[in-house]
Amino acid sequence: MAVPILDLSPGYLALKSELDAAIQRVVAAGNFILGSDVKQFEDSAAAYLGVTHAIGVNSGTDALVIGLRALGIGPGDEVITTPFSFFATAEAIEHVGARPVFVDIDPRTFNIDPSLMEAAITSRTRAILPVHLFGRPAEMSEIARIAQRHGLMVVEDCAQSFGATLQDGRKTGSLGNVNAFSFFPSKTLGAFGDGGLVVTDDEAVAETARALRTHGSLKKYYNDRIGYNSRLDTLQAAVLNVKLPHIDRWNAARRSLAWSYNARLGDEAGLRVPEIVDGHVFHQYTVRIENGHRDDVRAFLAERGIATMVYYPVPIDRLPLYDGKYGACPESTRASEQVLSLPIWPEMEASTQNRVIEELQSALLAVRETAHS
Ligand SMILES: *Cc1c(COP(=O)(O)O)cnc(C)c1O
């Protein structure tokens, strides 16, 4: 039996009757844009995250763009962010006309390294945009201290971290001036299509974000700025309302799978397992293959039907788009050469995980033997 990187079907089947009923209810009512399902989701997500305002939008990318614009970030501004993320993080900064400034990652966490941040601050810097990569919270207390010292805003990219918490129990997405979530189907809280959420404690920022998602108008047909058509679909909100109450259980299952992986793989030569810190929700379980044979290990596993992924094979600052424009971020580049994400989803069976572990051990042995012969 082949093992996919992620299997969405058991999660659907476990809630099938509730999910089908929610979808049917929306279809029968014939109200597909905003309405009470979206309002209910925004209210319950805000309560869950511990924020005052939540605004449902079309995607995580749009949540970042709308959030940045709602803070007034635009042309001439610089935003400090990580090069080791999905492209949308930097793309959103570009979309508002600002310039991303890349600061290298801490190799232990894969997240932006706060100790390198102050050297990147200039008179144009307006905000710091950390990503909680793979579901591991970034170093938010240090980032908040730096932001305060230099009068900067903070925007959290929480696309991979719905439900993740900091040491003090606060949720990711409750710390920045405005923060963005994605409900792309593979995320820890996934819809049945695209979806996103802007969250903030700032009333004025929330009002701007709300106007921006509907063509720049708060009052219909009285558009007072250039906005977007970017609403969270009613159907997606109905799905998310069914799923939200289960998020903590699903994230706990991810953590427990991560513990099992670490227990069995922690002593393998040439492989480094991720740290398991409180609050990490393991949107991805990502190891490093440190012997230079990551691609061979990946090919060996693929031959045996085990899917893996490389998040991300090219750091954003090394993409052709930015060719030669930025200085080196060596840790980010090293990570892109070593990382391998293994199959993980909340309902993954122990026997399936066992197969992944055993095949990975065989793969490591095989590349060691080839290297020595
Ligand atoms: C998925 C993702 C996004 C974009 O979310 P979409 O909903 O796909 O637009 C942004 N940042 C990160 C880190 C992501 O993983």
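Each remark here, short or long, concerns the structure printed above.
Residues numbered from 1 in each chain as written. Predicted model: local features only at pLDDT ≥ 70, side-chain atom pairs only at ≥ 80, totals over all residues. Heavy atoms only, no water.

Caption draft 1: Structural context of the site of the ligand. What surrounds the ligand is a group of 15 residues, the closest being G60, T61, D157, S182 and K187. Interatomic distance of 2.6 Å between a side-chain N/O atom of S182 and an oxygen atom of the ligand. Contact with the protein chains covers 92% of the free accessible surface of the ligand, which is 380 Å². Within the residue set of the shell around the ligand, elements represented by two or more residues are helix 4 (60-70) and helix 5 (88-95). Taken together, the residues of the shell around the ligand break down into five nonpolar, eight polar and two charged. (Near = heavy atom within 4 Å. Polar contact = N/O pair within 3.5 Å; in protein donor to acceptor, adjacent residues only side chain to side chain. Areas by Shrake-Rupley, 256 points an atom, 1.4 Å probe, with all protein chains shown as cover. Helix = DSSP H or I, 4+ residues; strand = E, 2+ residues; numbered from the N terminus. Nonpolar A, V, L, I, M, F, W, Y, C, P; charged D, E, K, R; others polar.)

Caption draft 2: Spotlight on a nonpolar patch on the surface. Together, V27, F32 and I33 make up an exposed nonpolar region whose accessible area comes to about 270 Å². Positionally, V27 belongs in helix 2 (residues 16-29). (Patch = residues over 30% accessible without salt bridge, like charges linked within 9 Å, V, L, I, M, F, W, Y side chains within 5 Å. Salt bridge = Lys/Arg side-chain N within 4 Å of Asp/Glu carboxyl O.)

Caption draft 3: Quick peek at the nonpolar core. In terms of nonpolar packing, the biggest core is built from 37 residues, with Y285 and V297 touching the most fellow members. When residues of this core are traced back to their parent elements, those giving at least two are helix 9 (247-265), strand 9 (285-289), helix 10 (294-303), strand 10 (339-342) and helix 12 (350-372). A per-element tally of this core places helix 12 first, with six residues. Ignoring sequence-local partners within four residues, the contact set of V297 consists of I289, L340, L360, A363, L364 and V367. Of all hydrophobic cores here, the second largest spans 29 residues; its members include Y48, F183, A191 and W250. (Core = buried A, V, L, I, M, F, W, Y, C linked by side-chain atoms within 4.5 Å. Buried < 20%, exposed > 50% of the residue type's maximum accessible area, 1.4 Å probe, protein only. Contact = heavy atoms within 4.5 Å.)

Caption draft 4: Inspection of the sheet that holds strand 1 (residues 53-57) at higher detail. As summarised here, the arrangement of the seven strands in space is 1-7-6-5-4-2-3, forming an open sheet in which the pairing is mixed. On the outer flanks of this sheet lie strand 1 and strand 3 (99-102), each paired with one strand and no other. Neighbour to neighbour, the strand axes of the sheet diverge by 25° on average, direction disregarded. Bridge analysis of strand 4 (residues 125-129) against strand 5 (residues 153-157) gives two bridges, and the strand direction is parallel. (Pairing = 2+ DSSP bridges. Axes fitted to C-alpha atoms, helices over the stretch in contact; angles between N-to-C directions.)

Caption draft 5: Representation of the packing of aromatic side chains in the model. In the structure shown here, the tally under the stated rule is 14 aromatic pairs. Their ring planes at 55° and their centres at 6.1 Å tell us that F162 and F183 sit as a pair that is tilted. Of the two residues, F162 sits in the loop between strand 5 and strand 6 (178-182) while F183 sits in the loop between strand 6 and strand 7 (196-200), which places them 21 residues apart along the sequence. The burial state of F162 is the same as that of F183; both residues are buried. (Phe/Tyr/Trp six-rings, centres within 6.5 Å; stacked < 30°, edge-to-face > 60°.)

Caption draft 6: Representation of the sheet that holds strand 10. The antiparallel open sheet is built from three strands, whose spatial order is 8-9-10. Looking at which strands have only one partner, the edges of the open sheet turn out to be strand 8 (271-272) and strand 10. Pairing analysis gives four bridges linking strand 9 to strand 10, with the strands arranged antiparallel. From the neighbouring strand, Y285 faces strand 10, where its bridge partner is L342.

Caption draft 7: Structural detail: a negative patch on the surface. A cluster of acidic side chains, namely D201, D202, E203 and E207, defines a negative patch on the protein surface. You can see D201 is positioned in the loop between strand 7 and helix 7 (203-213). The exposure class assigned to D201 is partly exposed, which follows from its relative accessible area of 45%. (Lys, Arg positive; Asp, Glu negative; His and termini not counted. Charge placed at Lys NZ, Arg CZ, Asp CG, Glu CD.)

Caption draft 8: The packing of helix 9 against helix 12, seen in detail. Orientation of helix 9 relative to helix 12, taken along the N-to-C sense of each, is 30°, at an axis distance of 11 Å. Compared by their axis directions, helix 9 and helix 12 come out roughly parallel. As for the relative orientation of helix 9 and helix 12, their crossing is right-handed in sense. Contact residues: helix 9 offers L257, S260, Y261, R264 and L265, while helix 12 offers Q353, N354, V356, I357, E358, L360 and Q361. When the residues that make up the contact of helix 9 with helix 12 are grouped by side-chain class, the tally is six nonpolar, four polar and two charged. (Parallel < 35°, antiparallel > 145°, perpendicular 65-115°, else oblique. Left-handed = near helix turned anticlockwise from the far one by under 90°.)

Caption draft 9: The arrangement of helix 12 in detail. The end-to-end C-alpha separation of helix 12 is 33 Å, in line with the 33 Å expected for 23 residues at 1.5 Å each. For helix 12, the set of buried residues is Q353, V356, I357, E359, L360, A363, L364 and V367. (Expected span 1.5 Å × (residues − 1).)

Caption draft 10: Representation of the packing of helix 10 against helix 12 within the structure. Following both chains from N to C, one finds helix 10 and helix 12 inclined at 130°, their axes separated by 9 Å at the closest point. Classified by the angle their axes make, helix 10 and helix 12 are oblique. Two packed elements cross with a definite hand, and for helix 10 against helix 12 that hand is right-handed. Judged by residue contacts, D296, V297, F300 and L301 of helix 10 engage E359, L360, S362, A363, L364, A366 and V367 from helix 12. Considering only residue class, the contact of helix 10 with helix 12 consists of eight nonpolar, one polar and two charged.

From the geometry alone we can't say anything about function, so treat these as descriptive.
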